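Residue-level structural notes
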Amino acid sequence: MAAVRGATMTHQFPTLSAAQKKELHDTALRILAPGKGILAADESVGSMAKRLAQVGVENTEENRRQYRQILFSADERINVCIGGVIFFHETLYQHSDCGYKKDGASFAKWRCVLKISDANPSGLAIADNANVLAAVYKAMADHHVHLEGTLLKPNMVTPGHACSTKYSPEEIAMATVTALRRTVPPAVPGVAFLSGGQSEEEASVNLNAINTCPLAKPWVLSFSYGRALQASALRTWRGHRENQSAATEQFIKRAEAGLQRLVQFGGQCSVVQCGLAGEQPRHTYSVVVVNSLACQGKYNGGENGGGEGGQHLYGPSHAY
């Protein structure tokens, strides 16, 4: 009787050392520490052209630098809700007016984008897509990728922009968590959702529903938002230097929550609950980080779909 031997993969690079594996794992956990998520600021030059055109600003390198400076100038209030920032290649080598961290990055992002049109994806592609995540993780396992040092950044399972049927946050959460449970190994420390054209408020409410979904979830479920964290700041800035401070405050407000007052949890303020458990409470009560609350399942909603935070951020034929 013959036995079929499993294929072994050849490797161009040496196996990771225990110290390297620990560093990767620690980085992943630090990025998605309790109440924290990712600021996605890696829009390409083409994507920035569309973003800046919305507020009448020319798409120059200096204008892109000034806009991103608004985000990166946020003070320590942002530390309780942002665990990592994804840069565009151009930004990594730029400087703010006060300077950036010396060239170097603690993590990298890899992505695969599928374009949807009248002809694409094909029926075969749709059927195959159901197995994409599982196939990707199988390939990663074959190549001995250290899953404990990775994070996944997918869409939530939301209806298409042209879909006339409205689904509740709870239905979106159930579909999203079910898809993850069927495909993503529990060794992956966390999942950071992109906002995918949702309004700032929708992205927060749906993330909250995902974290309160009554299914077992072995991963940290957090955010990696671009438009859903930046839209209000961009509208405030509009290319004028004198608006930079106000725009930065808008960014912090979306992160920090002028929308919802803090309720005390066991005598400790929300800042402690958002991941600074070693610090003494500084206020009896405060405002809380919207998405920080949402990734802990504690956000009750603030704008009910109205106001600037309720404006849809969908763009047809969006490209990265």
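Just above sits the structure.
Let me sum up the structure you'll find in this document. This is a predicted model, so every value here is computed, not measured.

About the criteria used
- Each chain carries its own residue numbering, running from 1 in the direction its sequence is written.
- Since the coordinates come from a predicted model, pLDDT governs what is reported: local features require at least 70, and pairs of side-chain atoms require 80 or more to be given and counted, while whole-chain, interface and lining totals use all residues.
- Here the side-chain values reflect all heavy atoms present in the structure, with hydrogen atoms and water set aside.
- Helix and strand assignments come from DSSP, with helices taken as H or I runs of at least 4 residues and strands as E runs of at least 2, each series counted from the N terminus.
- Each residue gets one of three labels from its accessible area relative to the maximum for its type: buried under 20%, exposed over 50%, partly exposed in between, using a 1.4 Å probe on protein chains only.
- Note on areas: Shrake-Rupley with a 1.4 Å probe; residue coverage comes only from the protein chains shown.
- To pair, rings of Phe, Tyr and Trp, with the six-membered ring standing in for Trp, must have centres within 6.5 Å; the planes then decide the type, stacked if under 30 degrees apart, edge-to-face if over 60, and tilted in the middle.
- Here, nonpolar core refers to any group of buried Ala, Val, Leu, Ile, Met, Phe, Trp, Tyr and Cys residues whose side-chain atoms link them within 4.5 Å.
- Criterion for a salt bridge: a side-chain nitrogen of Lys or Arg within 4 Å of a carboxyl oxygen of Asp or Glu.
- Contacts are assigned to residue pairs with any non-hydrogen atoms lying within 4.5 Å of each other.
- Identification of polar contacts relies on pairs of N or O atoms within 3.5 Å, with a donor-acceptor requirement for protein atoms, meaning one able to donate a hydrogen and the other able to accept it, and with residues adjacent in sequence counted only if both atoms are side-chain atoms.
- The criterion for strand pairing is that DSSP finds at least two bridges linking the strands in question.
- Note on handedness: a clockwise path from strand one over the helix to strand two, with the strands aimed away from the viewer, defines a right-handed crossover.
- To obtain each axis, a line is fitted to C-alpha atoms, and for helices this fit is confined to the stretch in contact; angles are then taken between N-to-C directions over 0 to 180 degrees.
- Any angle that is under 35 degrees is reported as roughly parallel, and any over 145 degrees as roughly antiparallel; angles of 65 to 115 degrees are reported as roughly perpendicular and all others as oblique.
- Note on convention: the crossing is left-handed when the near helix lies turned anticlockwise from the far helix by less than a right angle, right-handed when the turn is clockwise.

If you tally the helices and strands in the chain, you get 12 helices and five strands. Scored against the burial criterion, the 320 residues of the chain give a buried share of 39%. Of the roughly 17,900 Å² of accessible surface on the chain, a fraction of 55% belongs to carbon and sulfur atoms.

What follows is about the packing of aromatic side chains. For the coordinates displayed, the defined rule picks out three aromatic pairs. For the ring pair Phe-223 and Tyr-225, a centre distance of 5.4 Å and an interplane angle of 40° mean the geometry is tilted. We classify Tyr-225 as buried; its relative accessible area is 0%.

On to the nonpolar core, then. Core analysis: the largest hydrophobic core is formed by 47 residues, its most contacted members being Ile-78, Leu-180, Phe-193, Leu-207, Tyr-225, Trp-237 and Phe-251. Sorting elements by how many residues they give to this core places helix α9 (residues 227–237) first, with five residues. Membership of the second largest hydrophobic core comes to five residues, among which are Ile-31, Leu-32, Ile-38 and Ala-192.

Turning our eyes to something else, we now look at the pattern of salt bridges. The tally for this structure, following the rule as stated, stands at 12 salt bridges. We note a salt bridge from Glu-43 to Arg-51, for which the minimum N-O separation is 3.3 Å. Assigned by exposure class, Glu-43 and Arg-51 land together as buried. Among the ionic pairs, Lys-138 bridges to Asp-142, the shortest N-O distance being 2.9 Å. Placement of both Lys-138 and Asp-142 in helix α6 (residues 132–142) is noted, with a separation of four residues, approximately one turn of the helix.

This part takes up the environment of Lys-109. Inspection of the secondary structure assignment puts Lys-109 in the loop between α4 (89–92) and α5 (123–129). We classify Lys-109 as partly exposed; its relative accessible area is 32%. Aside from chain neighbours lying at most four places away, what touches Lys-109 is Asp-42, Ile-86 and Lys-153. In terms of polar contacts, Lys-109 uses its side chain to reach the side chain of Asp-42, at 2.8 Å.

What follows is about the pairing of strand β5 (residues 220–225). With five of six residues buried, β5 lies mostly within the body of the structure. Where strand β1 (residues 37–41) meets β5, two bridges bridge the pair, whose relative direction is parallel. Residue pairing for β5: Leu-39 is matched across the bridge by Tyr-225. Examined bridge by bridge, strand β4 (residues 190–193) and β5 share four bridges and lie parallel to one another. Along β5, the bridge assignment pairs Val-191 with Leu-221. The parallel pair β4 and β5 is bridged by helix α8 (residues 200–212), and the resulting crossover is right-handed.

Moving on, we get to the side chain of Thr-150. Mapped onto the secondary structure, Thr-150 falls in the loop between α6 and β3 (151–152). Its relative accessible area of 16% is what places Thr-150 among the buried residues. One polar contact links the side chain of Thr-150 to the main-chain carbonyl oxygen of Leu-147, over a distance of 2.8 Å. With near-sequence residues (within four places) excluded, Thr-150 lies in contact with Ala-28, Met-140, Val-145, Val-188 and Pro-189.

Turning our attention to the environment of Lys-153. Inspection of the secondary structure puts Lys-153 in the loop between β3 and α7 (169–181). For Lys-153, a relative accessible area of 26% corresponds to the partly exposed category. Measuring from C-alpha to C-alpha, the distance between Lys-153 and Ser-224 comes to 7.2 Å, with 71 residues separating the pair along the chain. A polar contact of 3.1 Å, which involves the side chain of Lys-153, links it to the side chain of Ser-224.

Across the sheet, five strands lie side by side as β2-β1-β5-β4-β3; this open sheet has parallel pairing. Edge positions in the open sheet fall to β2 (82–87) and β3, since each of these has one partner strand only. Packing against the sheet, helix α1 (residues 18–31) makes contact with β1, β2 and β3, and its axis sits at approximately 105° to β2.

In the contact formed by helix α3 (residues 61–72) and α9, the axes pass within 11 Å of each other and the chain directions differ by 125°. It follows from the interaxial angle that α3 and α9 lie oblique. α9 is crossed by α3, and the crossing has right-handed handedness. Two secondary-structure elements touch here, α3 through Asn-63, Gln-66, Tyr-67, Ile-70 and Leu-71 and α9 through Gln-230, Leu-234 and Trp-237.

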